[in-house]
Amino acid sequence: MDSNPTDRFLVSPRHLAGTGDRLTDVLSPLIHLFGWDHIHDPASGHISVDSPGHDLLLDFAPTNAHGTWWTIAHHDPLWKITATHLTPLEPLAAITQALPQLLGDTRHTDRIPLTARSVPEIADLNGWTTDGSSFTSPDGHCTMHHEPGGPWRVEHSVYDGFGTHWSLRAEGELPEGLAAQFLTFLATPDPVERAHGDIPFLALSAARLTPLNGKQPLGAHVAHALGGLGDAASRGRSR
């Protein structure tokens, strides 16, 4: 597929899509909707967001091309989430947008619903396989791990290829539901929008892409959904 780096595509599954460019979805609701304090260093791109009670800090530090970019830390009870570059922004936004509700701010709950399903339920609904304490995507590239009492870990790579690795780790007394919130917005078959140049190169052959500027008579979203029917049928026969 000959494409310019700026051409826009619908991409699924989401774990293959790379980080994306909707940084505002992760940070802006906290800052502009809930009024959390923030500090921004334009030179480095570093952004720090602090909850009104100063008990929860979100830190975005895009200074290491392949290291930890995101840290969400709560002081009492102590828990922390870290995520690396290429972690898709959509499931990260699902976590950050839920944080005010976890701190008791019930404004905008109608606009930011929290899932009531468990991680095993979400995995099963989306065709992820369960093996003890692990949940793995249908293509095998992404796995969520959790041992009772231990951290939550999400690991991703495509054929162990450079430029496709991303990971998330959550440790401590993580609030019930945050892991489910993340997986809900990661495992869903709904595609995400990406510029072609932002999709990891080695993921291009494994992901399903539908051009947004194509001339599909039914529209890009319908064409993308129809293109995934064969994948869904294959998963159903294999289960």
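Owing to the predicted nature of the structure, the values given are computational and were not obtained by experimental measurement.

Chemist: Describe the environment of F185, listing the residues and the values that go with them.
Modeler: Mapped onto the fold, F185 is located in helix 5 (residues 178-187). Accessibility expressed as a relative area gives 35% for F185, which makes it partly exposed. Along the backbone, F185 and N4 are 181 residues apart, and their C-alpha atoms lie at a distance of 28 Å. Beyond its immediate chain neighbours, meaning those up to four positions away, F185 contacts R14, E90, P91 and A94.

Chemist: Go over empty space enclosed by the protein with me, naming the residues and quoting the values.
Modeler: Scanning all chains against the criterion turns up two cavities of 30 Å³ or more. In this structure, the largest cavity occupies an estimated 60 Å³ of space. For the largest cavity, the full set of lining residues is I81, I95, M144, W152, L168, A170, L174, L178, A179 and F182. Mapped onto the lining of the largest cavity, the elements with two or more residues apiece are strand 11 (166-172) and helix 5. In terms of residue count, helix 5 provides more of the lining of the largest cavity than any other element does, three residues in total. For the lining of the largest cavity, the per-class residue count stands at 10 nonpolar, no polar and no charged.

Chemist: Which residues make up the pattern of salt bridges, and what values go with them?
Modeler: Where charged atoms from two side chains of opposite charge come close, those side chains can pair. Summed over all chains, the structure comprises seven salt bridges. With a shortest N-O distance of 2.9 Å, E90 and R194 are connected by a salt bridge. Highlighted residues: E90 in helix 2 (residues 89-96) and R194 in strand 12 (residues 192-195), separated in sequence by 104 residues. As far as the burial class goes, E90 and R194 line up, both buried. Between D105 and R107 there is a salt bridge, with its nearest N and O atoms 2.8 Å apart. A cluster of three or more residues bridged by salt bridges with shared partners is formed by R8, D21 and E193.

Chemist: Tell me about the nonpolar core, residues and numbers included.
Modeler: If you look at soluble globular proteins, the nonpolar side chains tend to sit buried side by side. Within the largest apolar cluster, 45 residues are counted, with the highest numbers of intra-cluster contacts made by W70, I81, F182 and L183. Beyond its immediate sequence surroundings of up to four residues, I81 is in contact with W70, T71, I72, I95, L168, R169, A170, L174 and L178. Grouped together as the second largest cluster of nonpolar side chains are 10 residues, F9, V158, V192 and I199 included.

Chemist: Help me get a handle on helix 2, residues and values and all.
Modeler: Burial analysis of helix 2 places eight of its eight residues in the buried class, which makes it a mostly covered element. What helix 2 keeps buried is the set L89, E90, P91, L92, A93, A94, I95 and T96.

Chemist: I'd like a description of the layout of surface pockets, backed by residues and values.
Modeler: The calculated volume of the second largest pocket comes to roughly 320 Å³. As for the second largest pocket, its lining consists of 21 residues, and the residues nearest its centre are W152, P175, E176, G177 and A179. Of all the elements in the fold, those that place two or more residues in the lining of the second largest pocket are helix 4 (119-125), strand 11 and helix 5. Along the lines of polarity and charge, the residues of the lining of the second largest pocket split into 11 nonpolar, seven polar and three charged.

Chemist: For the packing of aromatic side chains, give the residues involved together with the corresponding values.
Modeler: All told, the structure shown has two aromatic pairs when counted by the stated rule. Between F60 and W69 the ring centres are 5.7 Å apart and the planes differ by 75°, which places this aromatic pair in the edge-to-face class. Both rings, one in F60 and one in W70, keep their centres 4.5 Å apart while their planes meet at 35°; by these two values the pair is tilted. Remark: W70 occurs in strand 5 (residues 68-74) and F60 occurs in strand 4 (residues 56-60); sequence separation between them is 10 residues. Neither F60 nor W70 differs from the other in exposure class; each is buried.

The rules behind these values
- Residues numbered from 1 in each chain as written.
- Predicted model: local features only at pLDDT ≥ 70, side-chain atom pairs only at ≥ 80, totals over all residues.
- Heavy atoms only, no water.
- Helix = DSSP H or I, 4+ residues; strand = E, 2+ residues; numbered from the N terminus.
- Buried < 20%, exposed > 50% of the residue type's maximum accessible area, 1.4 Å probe, protein only.
- Contact = heavy atoms within 4.5 Å.
- 1 Å grid on protein atoms, 1.4 Å probe; cavity = no way out; pocket = protein on both sides within 12 Å on 5 of 7 lines; lining within 4 Å.
- Points joined across faces, edges and corners; volume = space filled by probe spheres on them.
- Nonpolar A, V, L, I, M, F, W, Y, C, P; charged D, E, K, R; others polar.
- Salt bridge = Lys/Arg side-chain N within 4 Å of Asp/Glu carboxyl O.
- Core = buried A, V, L, I, M, F, W, Y, C linked by side-chain atoms within 4.5 Å.
- Phe/Tyr/Trp six-rings, centres within 6.5 Å; stacked < 30°, edge-to-face > 60°.

Read these as layout, nothing more, since geometry by itself doesn't imply function.
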